[in-house]
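Tertiary structure, described
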Amino acid sequence: GVRSRAEVVQAVRAELEDLNARMAEDSKLGLCLAELRKRLVQSVPQQFVDQARTAVRSSFEQSMQEEGLTLQQFLAQTGATPRQLEAMFDEQARESAENDAVLSAVAHERRLKVSDQEIGSLLGLLTGQTLSSEEASRLIAQTRLEGNFDEMREMALRSKAAQLIVAECSCTYVHESP
């Protein structure tokens, strides 16, 4: 049926408030990490920033390849210069390395531990994929053979710390409208 103007306004307002609440929840970890990065007492060693930069660049190149773009095409489409792109990689790498430092510090401070049984689900949260227990077992066995198990466990531990941060922090937002 036909709604009055007041009903339509109220329905739109309710929908916008629901959307804002979901957006606040989705951005909670990033906002919390940004605040916690400001509180880092020590600087992140350059070695970790360099490792993060390699990962950022690799991820970018993989995305470009999936899109079928060359670097020159990307730069032409975005209007960015190679120097700006490198600066973006540097900034993202520093932020990533600092996020890892923050999450590791939280895990250490809270004395968090990760069991082999938790690794699959915690890594699944990082990748957005669900790992079956068999897949997780194969991944654990493979990383042990390759000598990367400790690194994988650290990633899972940081994921667990991220879950804790999100669970404990609360976000509020102010919706301004007439």
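Residues numbered from 1 in each chain as written. Predicted model: local features only at pLDDT ≥ 70, side-chain atom pairs only at ≥ 80, totals over all residues. Heavy atoms only, no water.

1. Here we look at the overall build of the protein chain
- Helix and strand counts for the protein chain stand at eight helices and zero strands.
- Counting from the amino terminus, helix and strand elements in the protein chain follow one another as α-α-α-α-α-α-α-α.
- Relative to its length of 178 residues, the protein chain is extended, with a C-alpha radius of gyration of 21 Å against a globular reference of 16 Å.
- C-alpha extents for the protein chain along the principal axes are approximately 65 × 45 × 40 Å.
- Out of the 178 residues belonging to the protein chain, those deemed buried represent 25%.
- Within the protein chain, contacts between residues at least 6 apart in sequence are counted, and of these 80% link residues at least 24 apart. (Helix = DSSP H or I, 4+ residues; strand = E, 2+ residues; numbered from the N terminus. Rg over C-alpha atoms; globule rule 2.2 N^0.38 Å. Buried < 20%, exposed > 50% of the residue type's maximum accessible area, 1.4 Å probe, protein only. Contact = heavy atoms within 4.5 Å.)

2. Quick look at the packing of helix H5 (residues 82-109) against helix H8 (residues 149-168)
- As a packed pair, H5 and H8 sit with axes 8 Å apart at the nearest point and diverge in direction by 80°. Classified by the interaxial angle, the pair formed by H5 and H8 is roughly perpendicular. In this structure, H5 contributes Asp100, Leu103, Ser104, Val106 and Ala107 to the contact, and H8 contributes Glu154, Leu157, Arg158, Ala161, Ala162, Leu164 and Ile165.
- Among the residues making up the contact of H5 with H8, the classes are represented as eight nonpolar, one polar and three charged. (Axes fitted to C-alpha atoms, helices over the stretch in contact; angles between N-to-C directions. Parallel < 35°, antiparallel > 145°, perpendicular 65-115°, else oblique. Nonpolar A, V, L, I, M, F, W, Y, C, P; charged D, E, K, R; others polar.)

3. Points about the confidence of the model for the protein chain
- On average, residues of the protein chain carry a pLDDT of 87, and 93% of them reach 70 or more.
- Of all secondary-structure elements in the protein chain, the lowest mean pLDDT belongs to helix H6 (residues 116-127), at 78, while H5 reaches the highest, 95. (pLDDT = per-residue confidence, 0-100.)

4. Re helix H2 (residues 28-37)
- Taken as a whole, H2 has its buried residues at Lys28, Cys32, Leu33 and Arg37. Along the long axis of H2, the arc covered by the buried residues comes to 160°, so they all point the same way. (Arc of directions from axis to C-beta.)

5. Focus: the environment of glutamate 61
- Secondary-structure assignment places glutamate 61 in helix H3 (residues 46-67).
- Given a relative accessible area of 42%, glutamate 61 falls into the partly exposed group.
- For the pair formed by glutamate 61 and alanine 87, sequence separation is 26 residues and the distance between their alpha carbons is 16 Å.

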